[in-house]
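# Working through the structure, step by step
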Amino acid sequence: MSEYLLELKGVSKSFPGVRALDHVNLSLRPGTVHALMGENGAGKSTLMKCLFGIYKMDEGEIILDGQKVEVTDPDDAMSKGIAMVHQELQPVLARSVGENMYLGRFPVKRYGPLKVIDHKKMYEDTKYWLDQVKMDFDPKALLGSLSIGQMQSVEIAKAVSRSAKVVILDEPTSSLSENEVEALFRIMNDLRDKGVAMVYISHKMDEIKRIADDITIMRDGQYVGTWSADELTTDQIIAKMVGRELTNVYPAKKGTIGEVVLEVNHLSSIHERSFQDVSFTLRKGEILGFGGLVGAQRTELMEGIFGIRHLSSGTIKVKGKEIRIKKPSDAMKAGIGLITEDRRGNGIMGCLSVKDNVGVAVYNKFLKAGFILDHPAMNKVVDDSIKMLRIKTPNMQTHIENLSGGNQQKVIVARWLANNPDILIMDEPTRGIDVGAKHEIYEIMNDLAAQGKAIIMISSEMAELLGMSDRIYVMCAGKLRGEITDKEQMTQENVMNYATQF
Amino acid sequence: MNQQKKALNFIANNGVIILMVVLVIITGILKPNFFKLGNWTNIIGTMSYRLVIALGIAGCIITAGCDLSAGRMIGFGACLAGVFLQNPSGKMFPNLPNLPVPVAALVAMLVCGCLGCVTGFFIAYLHVPPFISTMAMMEIVYGVNSIFTGSKNVNNYVDAYLDLNRNTFLGLNFLIWVALGIAAITWFIFNMTRHGKYMYAIGGNPQAAEVAGVPVKQTLVLIYMKAAMFYGLAGFMIGARAGGVSVNTGLGYEMEAIAACTIGGVSVSGGRGKVSSAFIGVAVFEILKTALQFLGVNAYAQFIALGVIIYIAISLDIRKYVAKK
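In this text the structure is predicted, and so the values were computed from the model without any measurement.

### A few points about the overall build of chain B
Counting its regular elements, chain B contains 14 helices and four strands. A compact globule built from 325 residues would reach a C-alpha radius of gyration of about 20 Å, and chain B, at 20 Å, matches this within 12%. In terms of its C-alpha atoms, chain B occupies a principal-axis envelope of roughly 75 × 60 × 35 Å. Here chain B holds 325 residues, and 52% of them are scored as buried. Contacts spanning at least 24 positions in sequence make up 76% of the contacts within chain B whose residues lie at least 6 apart. A total of about 14500 Å² of accessible surface is found on chain B, and carbon and sulfur atoms cover 69% of it.

Written as structure tokens, this is what we have:
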């Protein structure tokens, strides 16, 4: 029996254009909680997906109980005693707890040649395993009627029922209430006493300090190191998470910063867990960065300002005048544009042409006799923006889905520029586009700011946030946690400190 | 090699049309009567109202919706227009005044348009799936029409109404001109107005359309309203052609119209489709039916043939988009 229950050695994984994992190690001792920490995109989830068989690793090995093993798929992982509690593992909400626990391995009984599902046994067994994790809800209840915390307990009960030796918990507490967190920790402590090894991914420092025995830190797909949890202070953890060299590859900004154009006061979402009581200002000619971890509700805040999400309270003033925004077209009339984070989801219309993708937001401006579209005038605008933004496309009739990600993003920028907004909100403007196109987007942003437009940029990429912003707000769990105005103070550590103030 | 690939692509991309041309040639050789002028004026005459229906339903399909109420709407439009255009001797409602022919058509279009508004309202504002919303309207319209007509036939039309099908202008009868007019108007709406472009945007990606400031809800209501107006008009046209209608007029036409649109290249997943798509689809359908009749294919076997064509056409069509990724 070796010291470690599970070891990952030298795991590497590449995706087209990115090296997501570069020789990462992880060693789990039995009966411990092992925190896996790192910024967004550090590769934590990728590593876990490799372990769980969702991704196939390019290099590296898994050693379970001293034996080298191969994990081919999640089912294989489960049979080897590795379980994962993950929000992306979609349960079947419209079916009962019991059916979800036994999905794919329903107990059966035989009536002669006929095999039927043994519901009685299934629900009795479910009840037994739920008791094991000290949960007492009805096994016949629909999974969808449970809270997220309860669903996680079901997942954990499922892991226990398959006698899992290793349980991976990927940000399990991100949407739990305090009571639910307590319940989860109680279950985790029980499992620890039974000798189960757990991988715990979380950004919440106080939780880590409470529950973790060991800490492994990753950064940009690299293995930084493993420490005992009592060895490190919160500040040391942050320093290790962000401690990268920043090279200045960002184009210099021209122009001056003017008067306040947007003033947001005490804005709150109708959902308690989304943004609450957010106030900030934006000035002419400014690039205002919004930093934070994934799930900090930055996107939701911007969509709230743009009229896509409902607000419960708060005011929005544009150039000193209070406006009511109920739908995107109200925001557009007030001179606001929004380039969304999810380009495929709510940015492009894939099967339409480049021209139609630019035109969709500005048809109102190109009408003859009040209702006939002025195609020649629109063609000119689209043609000009293709040239100005250097969009690489055979012609303006090409379907946008045939362009690269960077060029699609430029088309969306062109859409909003055609609308000539004073305020442009760019949510993760360079996500999923190549380095060259990124640089071009940065230059476009600087040009726009120099022309007197005010830009809000949400970015989860630390270097980009620090490199491009004139001023930075940092959000955490729906609340504005800090403002960094001084260039000297714009450090990775400061941003991360604010971003983890849950 | 390359040439071969090109040829294969051409066949796959135009499979339905090629199939149709082959069928027409074979039918023409076997049954020379097939090429007689009278046969073709008949085909085009039937195509006239089929095209109007397909153009209405195309708008719904382009927004990734559908419209099952079309058939019953057509029946209602036909009866509604008909009761205003009967000879005094045998009127269904003796107290009802007769209207000028265009006004009767307008009445059918307006009443159906209002019902279409209701369908659209449920789809756009209450998020009822189009399949369900239009099915509910289908039931309602049938009930209303049955009560309205007492399930009796409406016929004995005035000459001015029937003349639409008898009199010709430049060799084509008036119903065909009406259909061409509607096709022109639809082309204009699809290509030259905001509304048309919004329709494509909603079909392409409704979330993105909303973020871009498209008035998604109003646009959807307008689309279902416009479609219902077209069904009303189609019902009116069928009356002139058939000389008499009943509650069952138009039954099942919605399915044929949806099939025609998809055969012609209107994508059921939304965002794609032109006026020419609806036209090609309707033409393929009608010519095919007539050709099969001429060849003496068993009437029920014709249904099998139509089903097979739909399978082939849609599989080829979807292949175009899937292969691109």
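### Some remarks on helix H2 (residues 15-30) of chain B
Its 16 residues give H2(B) an end-to-end C-alpha distance of 23 Å, which sits within 8% of 22 Å, the value for a rise of 1.5 Å per residue. For H2(B), the set of buried residues is Gly15(B), Val16(B), Met20(B), Leu23(B), Val24(B), Thr27(B) and Gly28(B).

### A word on the interface of chain A and chain B
Accessible area lost upon the coming together of the parts serves often as the stated size of an interface. Counting from both sides, the interface comprises 30 residues of chain A and, opposite them, 22 residues of chain B. Summed over both partners, the interface of chain A with chain B comes to about 2100 Å²; 63% of that surface belongs to carbon and sulfur atoms. Between the two partners, chain A and chain B, sit seven residue pairs in polar contact (both at pLDDT 80 or more). Broken down by secondary-structure element, the contributors of at least two residues to the side of chain A that touches chain B are helix H10 (328-333), helix H11 (343-346), strand S20 (372-373) and helix H14 (405-418) of chain A.

### A closer look at a nonpolar patch on the surface
All names here are of chain B. On the surface, Ile-17, Val-21, Val-22, Ile-25, Ile-26, Ile-29, Leu-30, Phe-279 and Ile-280 cluster together into a nonpolar patch covering about 780 Å² of accessible area. Looking at where Phe-279 falls in the secondary structure, it is placed in helix H13 (residues 275-294). Take Phe-279: its relative accessible area is 41%, and that puts it in the partly exposed class.

### Some words on the environment of Lys31(B)
Residues and elements named next belong to chain B. Structurally, Lys-31 is set in the loop between H2 and helix H3 (37-62). Of the residues examined, Lys-31 reaches a relative accessible area of 36% and is grouped as partly exposed. Measuring from C-alpha to C-alpha, the distance between Lys-31 and Leu-295 comes to 7.2 Å, with 264 residues separating the pair along the chain.

### With respect to the domain arrangement of chain A
All names here are of chain A. The domain architecture assigned to chain A consists of domain 1 (6-242) and domain 2 (251-335 + 453-502). At the interface, 13 residues of domain 1 touch 12 residues of domain 2. Looking at the side of domain 1 facing domain 2, the largest losses of area belong to Asn-40, Ile-238 and Val-242, adding up to 46% of the total buried there. Between the two partners, domain 1 and domain 2, sit zero salt bridges. Where domain 1 touches domain 2, the interface holds one residue pair in polar contact (both at pLDDT 80 or more).

### Observations concerning the sheet that holds strand S17 (residues 321-323) of chain A
Residues and elements named next belong to chain A. Across the sheet, which stays open at both edges, the four strands sit in the order S14-S13-S16-S17 with antiparallel pairing between neighbours. A single partner strand is all that each edge strand has here, and the edge strands are strand S14 (278-283) and S17. The mean angle between the axes of side-by-side strands here comes to 20°, regardless of whether they run parallel or antiparallel. Docked against the sheet, helix H9 (residues 298-305) engages strand S13 (260-269), S14 and strand S16 (311-318), running at close to 70° with respect to S14.

Analysis parameters
Residues numbered from 1 in each chain as written. Chains lettered and ligands numbered in written order. Predicted model: local features only at pLDDT ≥ 70, side-chain atom pairs only at ≥ 80, totals over all residues. Heavy atoms only, no water. Helix = DSSP H or I, 4+ residues; strand = E, 2+ residues; numbered from the N terminus. Rg over C-alpha atoms; globule rule 2.2 N^0.38 Å. Buried < 20%, exposed > 50% of the residue type's maximum accessible area, 1.4 Å probe, protein only. Contact = heavy atoms within 4.5 Å. Areas by Shrake-Rupley, 256 points an atom, 1.4 Å probe, with all protein chains shown as cover. Expected span 1.5 Å × (residues − 1). Buried area = accessible area lost by both parts, 1.4 Å probe. Polar contact = N/O pair within 3.5 Å; in protein donor to acceptor, adjacent residues only side chain to side chain. Patch = residues over 30% accessible without salt bridge, like charges linked within 9 Å, V, L, I, M, F, W, Y side chains within 5 Å. Salt bridge = Lys/Arg side-chain N within 4 Å of Asp/Glu carboxyl O. Domains from an automatic or database assignment. Pairing = 2+ DSSP bridges. Axes fitted to C-alpha atoms, helices over the stretch in contact; angles between N-to-C directions.

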